[in-house]
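# Breakdown of the fold
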Amino acid sequence: MAGAARVTIKDERGRMGLGSFKALGAAYAIAREAAAAGGALPTALTGRTYVTASAGNHGLSVAAGARIFGAAAVIYLADTVPESFAARLRGMGAQVVRAGADYEASMVAAGHSAKAQGWTLLSDGSWPGYVDLPFRVMEGYRQIATEIVGQMTDRPTHVLLQAGVGGLAAAVAAELRLAWGDDPQMIVVEPEAAPALIDSIRAGRVVVTSGPVSAMGRLDCKTPSMLALADLARDADGFVTLTEEEAATGAEAVAAGGLPSTPSGAAGVAALLAGLDGINAESHVLCILSEGPENA
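Along each chain, residue indices are assigned from 1 in the same order as the chain's sequence is written. It should be noted that, the model being predicted, local features are given only for residues of pLDDT at least 70 and side-chain atom pairs only at 80 or more, the latter also being counted only at that level, while totals for whole chains, interfaces and linings use all residues. To obtain the side-chain values, all non-hydrogen atoms of the structure were included, while hydrogens and water were left out.

## Focus: the overall build of the protein chain
Under the convention used in this document: Secondary structure is summarised from DSSP: a helix means a run of H or I of at least four residues, a strand means a run of E of at least two, and numbering begins at the N terminus for each. The size measure is the radius of gyration over C-alpha atoms, and the globule rule it meets is 2.2 Å times the number of residues to the 0.38 power. Pairs of residues are marked as contacts when any of their non-hydrogen atoms sit within 4.5 Å. Accessible areas in this description were obtained via Shrake-Rupley with a 1.4 Å probe; residue shielding takes into account the shown protein chains only.
For the protein chain, the helix and strand inventory stands at ten helices and nine strands. Its C-alpha radius of gyration of 18 Å places the protein chain within 12% of the 19 Å reference for a compact globule of 296 residues. Along the three orthogonal principal directions, the C-alpha set of the protein chain runs to about 55 × 40 × 40 Å. Restricting the contact set of the protein chain to residue pairs at least 6 apart, pairs at least 24 apart contribute 71%. Of the accessible surface of the protein chain, which amounts to about 11700 Å², a share of 53% is contributed by carbon and sulfur atoms.

## Observations regarding empty space enclosed by the protein
What counts, and what does not: Only protein atoms enter the calculation, which uses a 1 Å grid: trapped sets of points that fit a 1.4 Å probe without letting it out are cavities, open sets showing protein on both sides within 12 Å along at least five of seven lines are pockets, and any residue with an atom within 4 Å of a point is a lining residue. Grid points are joined across faces, edges and corners, and a volume is the space filled by probe spheres set on the points. When residue character is reported, Ala, Val, Leu, Ile, Met, Phe, Trp, Tyr, Cys and Pro are called nonpolar, Asp, Glu, Lys and Arg charged, and the others, Gly included, polar.
Evaluation of the coordinates by the stated rule reveals one cavity of 30 Å³ or more. Around the largest cavity sit 24 residues that line it, and Phe21, Lys22, Asp124, Gly164 and Arg218 are the ones nearest its centre. Mapped onto the lining of the largest cavity, the elements with two or more residues apiece are helix H2 (57-68) and helix H6 (167-180). The residue inventory of the lining of the largest cavity, partitioned by class, reads nine nonpolar, eleven polar and four charged.

## Considerations on the pairing of strand E4 (residues 95-98)
Going by this rule: One requirement defines pairing of two strands: DSSP has to find at least two bridges between them. Clockwise travel from the first strand over the helix to the second, with the strands pointing away from the viewer, marks a crossover as right-handed.
Sheet topology note: the strand E3 (residues 72-77)/E4 ladder contains four bridges and is parallel. From the neighbouring strand, Ile75 faces E4, where its bridge partner is Val96. In this view, the connection linking E3 to its parallel neighbour E4 by way of helix H3 (residues 83-91) has right-handed handedness.

## Some points on the environment of Met92
Within the secondary structure, Met92 sits in the loop between H3 and E4. Expressed as a C-alpha distance, the spacing of Met92 and Arg205, which sit 113 residues apart in the sequence, is 38 Å. Not counting the four nearest positions on each side in its chain, Met92 is found in contact with Leu18, Leu60, Ala63, Ala64 and Arg67.

## Let's talk about the sheet that holds strand E2 (residues 49-54)
What counts here: Only the contacting stretch of a helix is used when fitting its axis, a line to C-alpha atoms as for every element, and angles between N-to-C directions run 0 to 180 degrees.
Ordered in space as E4-E3-E2-E5, the four strands form an open sheet in which the pairing is parallel. With partners counted over all chains shown, the strands left at the sheet margins are E4 and strand E5 (120-121), one partner each. H2 rests against E2 and E3 of the sheet, and its axis sits at about 170° to E2.

## Some details on the packing of H2 against H3
Rules: By definition in this entry, angles of less than 35 degrees are roughly parallel, angles greater than 145 are roughly antiparallel, angles of 65 to 115 are roughly perpendicular, and the rest are oblique.
Their axes nearest at 9 Å, the elements H2 and H3 cross at an angle of 5°. In terms of their interaxial angle, H2 and H3 are classed as roughly parallel. Residues Asn57, Gly59, Leu60, Ala63 and Arg67 of H2 form the contact with H3, whose own contacting residues are Phe85, Arg88, Leu89 and Gly91. Grouping the constituent residues of the contact of H2 with H3 by class yields four nonpolar, three polar and two charged.

Next comes the structure, spelled out in structure tokens:
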């Protein structure tokens, strides 16, 4: 594929019945809080409410974790998030609130509600003064890399990691570096419409970007996570952006191979198909298929 000798795909579409890698993040952070609270786990967090903004999958993880441990969940969605995600969230017992034209606006609304209502904000992004829970979310994502190391018999030459705020990319890259050292090239993939990480790396600080709405909805984040950015500044070897057309081609390719996903989920495959420097007949490329189709 695309000049590489071999392509390996880590399939996260069935993770914990939630349809994406995000199942490992917020639910893990909530589980840790339930364990720390003590008592019977199904009621450990009774009376607590977790609130977040989401482009879909993170909200499902918050809703699942809250339901398992007796808490309530309120999920803020931007106007651009498909109604199918809202329906799934309601089906899991979460309250859904529409707020704002984009993810950033919905996160501001979630933060205001957390302060006003005394709720616990559980974002997968981080910023000065807000790092503890996002750190736990990223810690949960590292399980993906642990599985990759255990399942692969030989290490890849290139790892393609799609990024929104950057939590998945940073967590997987950090864990793979511990296992495999400096050899694999870690390449971060973002939408051309939301190059928050690459712009921040170039500037040497957190940069809030702007751009049109991307079909890569779960990656369409204009502000990077502070924690993820710091980790990727150390562990990533390169950053690339995808056009909308390139992302669509990636989704079409995995669907044709019997692995239906979305432009977000197949972004690593899309980047490979679009052409990457250094890929040759000896390359072994690892991609993460991070979510299933929106209508699954």
